[in-house]
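One-letter residues, chain by chain:
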Amino acid sequence: MKAKQNNKKSLLGAWLPVIGLTFSAFVFNTSEFVPIGLLTDIAHDFSISEAGAGMLITIYAWVVALASLPLMLMVSKMENRKLMLVILCVFIISHILSAFSYNYYMLMVSRIGVACAHAIFWSVVSPLAVRVAPEGRRSMALGLIITGTSIAMIVGLPLGRVIGLHVGWRMTFFWIAVAALACFLFLAMVFPKVPSRNSVSLRKLPSLLDTPALVGIYVLTMIIITAHYTGYSYIEPFLLQVAKLNNAGITGVLTAFGLVGLVGSWLFSRYYDRHPMRFVRFCIFGITAFLLLLHVASLNHYAIVIVCLCWGLAITIYNLAFQSEIIRIVPEATAIAMSVYSGIFNVGIGTGALIGGFVCSQMPISYIGYVGGSIAVVSSVYCAKKLIPLLRR
């Protein structure tokens, strides 16, 4: 009996570092996406347009894109526990600055600080979770990290929006700093020292770019994430102005969008290893279809919820499937491969937010789904013709 209890405690202890990383992923993704739920309030507070407020998303993403590889080169030899704690310190300080921002430019500078922490965090967190997880539990560990990002959509983004609506958007950033401090303290207690496996080197880039499947994932990511964020960056004003939802309804849809991510994480952990290409096809073709259906679905409240649920499932599956494929394709150079992937992903976020902002400024906001869906059609064709043959095992 005692032996079983000791084994359970040992297993729980083995999972604690992954749990700490999962909570950190939740906090980081809450921070990244919470401006989406607060765009209208931020724009009103600083007397700027929604497109102008949307530049917070664009600049943030482009800083991550530009900073990912240079920052990884700077910190690649640092022991991983120390690195994670330093990242969290930068993240906390930047959010405190956000909470006390007295003008748009101070908020932008503080978000750039968050973006620098984000750039390193998402370059290392997935490979690190795989390393510290119990033996034979790689897919589950990766699934937990993505679950943290999904819960950010379920709880973090809607809760941040609710806080912003009731006590001001600055308090949303303050409470994110408090949550990050809790993660810092937890990881300081439970995370083991994990030496850097391989220093990141620019000399590895040519060999990575000689891997056709990896290059294919990078190209696809640029296109599909641009498409996704063309629509998603402005989903809050879209739901308000086009779908005619009230504040509670918008918060509910944003919650539902994230909630279905838990379903995606569960499906991934159970079935991905047996049916990887089915998951790949669903996420790419699904994102395309649901973007194109966005405007039509907005005519009915039930329809828009269903489309957002399916869209949320598709993007969750995308994040899980392609991070897993990168780790599989380049197991000895995951840090640099994930750094490049994170950079490209964020170029897509920034470009999508910029295109979405252009649509909002120059066309009816109801067109964001059609514009994003048109871009996604290109990714569907590329995936079917070029990438799936490279990924087939």
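None of these values were measured; they are calculated from a predicted model.

Engineer: It is not clear to me how the overall build of the protein chain should be interpreted in this structure. Could you clarify?
Structural biologist: For the protein chain, the count of helices and strands is 15 helices and zero strands. For 393 residues, the compact-globule estimate of 2.2 N^0.38 gives 21 Å, and the C-alpha radius of gyration of the protein chain, at 20 Å, lies within 12% of that figure. When the backbone C-alpha atoms are referred to their principal axes, the protein chain occupies close to 60 × 50 × 50 Å. Across the 393 residues that make up the protein chain, the buried fraction comes to 57%. The contacts in the protein chain between residues at least 6 apart in sequence include a share of 86% that link residues at least 24 apart. For the protein chain, the exposed surface amounts to about 16,100 Å²; the carbon and sulfur share of it is 69%. Charged side chains in the protein chain number 27 positive and 11 negative. The centres of these two groups are separated by 11 Å.

Engineer: Looking at this structure, I do not really get the nonpolar core. What am I missing?
Structural biologist: Within the largest apolar cluster, 130 residues are counted, with the highest numbers of intra-cluster contacts made by Tyr318 and Phe322. With near-sequence residues (within four places) excluded, Phe322 lies in contact with Ile217, Leu220, Val280, Cys283, Ile284, Tyr341, Leu387 and Leu391.

Engineer: Explain helix H11 (residues 276-292) to me, please; I cannot follow it from the model alone.
Structural biologist: Since there are 3.6 residues in each turn of an α-helix, residues three or four apart along the chain are aligned in direction. For H11, spanning 17 residues, the distance from its first C-alpha to its last is 25 Å, which sits close to the expected 24 Å at 1.5 Å a residue. At Gly286, H11 shows its largest kink, close to 25°. Listed in full, the buried residues belonging to H11 are Pro276, Met277, Phe279, Val280, Cys283, Ile284, Gly286, Ile287, Thr288, Phe290 and Leu291. Of the surrounding elements, those touching the buried residues of H11 are helix H8 (212-232), helix H10 (247-271), helix H12 (294-297), helix H13 (301-329) and helix H15 (368-391).

Engineer: What is the right way to look at empty space enclosed by the protein in this model?
Structural biologist: A probe matching the size of a water molecule, rolled over the atoms, marks out where space remains unfilled. Here the structure, examined in full by the defined rule, presents two cavities of 30 Å³ or more. Of the volumes computed, that of the largest cavity is approximately 390 Å³. Looking at the largest cavity, it is lined by 26 residues, and the ones nearest its centre are Asn29, Phe33, Thr149, Asn319 and Phe345. Counting only elements with at least two residues in the lining of the largest cavity, the list comes to helix H1 (2-45), helix H4 (104-132), helix H5 (138-167), H8, H10, H13 and helix H14 (334-362). With six residues, H14 is the largest single contributor of residues to the lining of the largest cavity.

Engineer: What is the right way to read the packing of helix H2 (residues 50-75) against H4 from this model?
Structural biologist: A pair of packed helices can be characterised by two numbers: the angle between their axes and the separation between those axes. Viewed as axis vectors pointing N to C, H2 and H4 meet at an angle of 45°, and their least axial separation amounts to 7 Å. Here H4 runs oblique to H2, going by the angle between their axes. The element H2 and its partner H4 pack so that their crossing is right-handed. Tallied by class, residues from the contact of H2 with H4 come to 21 nonpolar, four polar and one charged.

Engineer: Could you clarify how one ought to interpret H4 in this entry?
Structural biologist: Over its 29 residues, H4 extends 40 Å from the first C-alpha to the last, a length consistent with the 42 Å expected when each residue adds 1.5 Å. When the local axis directions of H4 are compared, the greatest deviation, roughly 35°, occurs at Val125, which is followed within four positions by the proline Pro127. The element H4 is largely enclosed, with a buried count of 22 among its 29 residues. N-cap assignment for H4: the residue whose side-chain oxygen lies 3.1 Å from the backbone N of Tyr105 is Asn103.

Engineer: What's the story with the packing of H8 against H11 in this structure? I'm lost.
Structural biologist: Their axes nearest at 10 Å, the elements H8 and H11 cross at an angle of 30°. Comparing their axes, H11 and H8 come out roughly parallel. H11 is crossed by H8, and the crossing has left-handed handedness. Contact residues: Leu220, Ile224, Ala227, His228 and Gly231 in H8; Ile284, Ile287 and Leu291 in H11. Among the residues forming the contact of H8 with H11, the class breakdown is six nonpolar, two polar and no charged.

Engineer: Which parts of the structure should I look at to understand the pattern of salt bridges?
Structural biologist: Between side chains of opposite charge, a pair can form when the charged atoms approach closely. Counted under the stated rule, the structure contains two salt bridges. A salt bridge links Asp45 to Arg170; its shortest N-O distance comes to 2.8 Å. With Asp45 in helix H1 and Arg170 in helix H6 (residues 169-190), the pair connects residues that are 125 residues apart, well separated along the chain. Exposure remark for Asp45: the relative accessible area of 37% places this residue in the partly exposed category.

Engineer: Is there a simple way to explain unusual backbone geometry in this structure?
Structural biologist: What you tend to see is this: most non-glycine residues have negative phi, and most peptide bonds are trans. If you check the backbone angles, Ser47 has positive phi at about 55° while not being a glycine. Here Ser47 shows up in the loop between H1 and H2. Residue Ser47 is classed as exposed on the basis of its relative accessible area, which comes to 68%.

Engineer: Just checking my understanding: could you explain the layout of surface pockets for this structure?
Structural biologist: Roughly 180 Å³ of internal volume is contained in the second largest pocket. In this structure, the second largest pocket is lined by Phe26, Val27, Thr30, Val155, Gly156, Leu159, Gly160, Ile163, Thr172, Trp175, Ile176 and Ala179. Elements represented by at least two residues in the lining of the second largest pocket include exactly H1, H5 and H6. Looking at the lining of the second largest pocket, the element that brings in the most residues is H5, giving five residues. Residue composition of the lining of the second largest pocket, by class: eight nonpolar, four polar and no charged.

Reading the values: rules and limits
Residues numbered from 1 in each chain as written. Predicted model: local features only at pLDDT ≥ 70, side-chain atom pairs only at ≥ 80, totals over all residues. Heavy atoms only, no water. Helix = DSSP H or I, 4+ residues; strand = E, 2+ residues; numbered from the N terminus. Rg over C-alpha atoms; globule rule 2.2 N^0.38 Å. Buried < 20%, exposed > 50% of the residue type's maximum accessible area, 1.4 Å probe, protein only. Contact = heavy atoms within 4.5 Å. Areas by Shrake-Rupley, 256 points an atom, 1.4 Å probe, with all protein chains shown as cover. Lys, Arg positive; Asp, Glu negative; His and termini not counted. Charge placed at Lys NZ, Arg CZ, Asp CG, Glu CD. Core = buried A, V, L, I, M, F, W, Y, C linked by side-chain atoms within 4.5 Å. Expected span 1.5 Å × (residues − 1). Bend = angle between axes of the 7 residues up to and from the residue. 1 Å grid on protein atoms, 1.4 Å probe; cavity = no way out; pocket = protein on both sides within 12 Å on 5 of 7 lines; lining within 4 Å. Points joined across faces, edges and corners; volume = space filled by probe spheres on them. Axes fitted to C-alpha atoms, helices over the stretch in contact; angles between N-to-C directions. Parallel < 35°, antiparallel > 145°, perpendicular 65-115°, else oblique. Left-handed = near helix turned anticlockwise from the far one by under 90°. Nonpolar A, V, L, I, M, F, W, Y, C, P; charged D, E, K, R; others polar. Polar contact = N/O pair within 3.5 Å; in protein donor to acceptor, adjacent residues only side chain to side chain. Salt bridge = Lys/Arg side-chain N within 4 Å of Asp/Glu carboxyl O.

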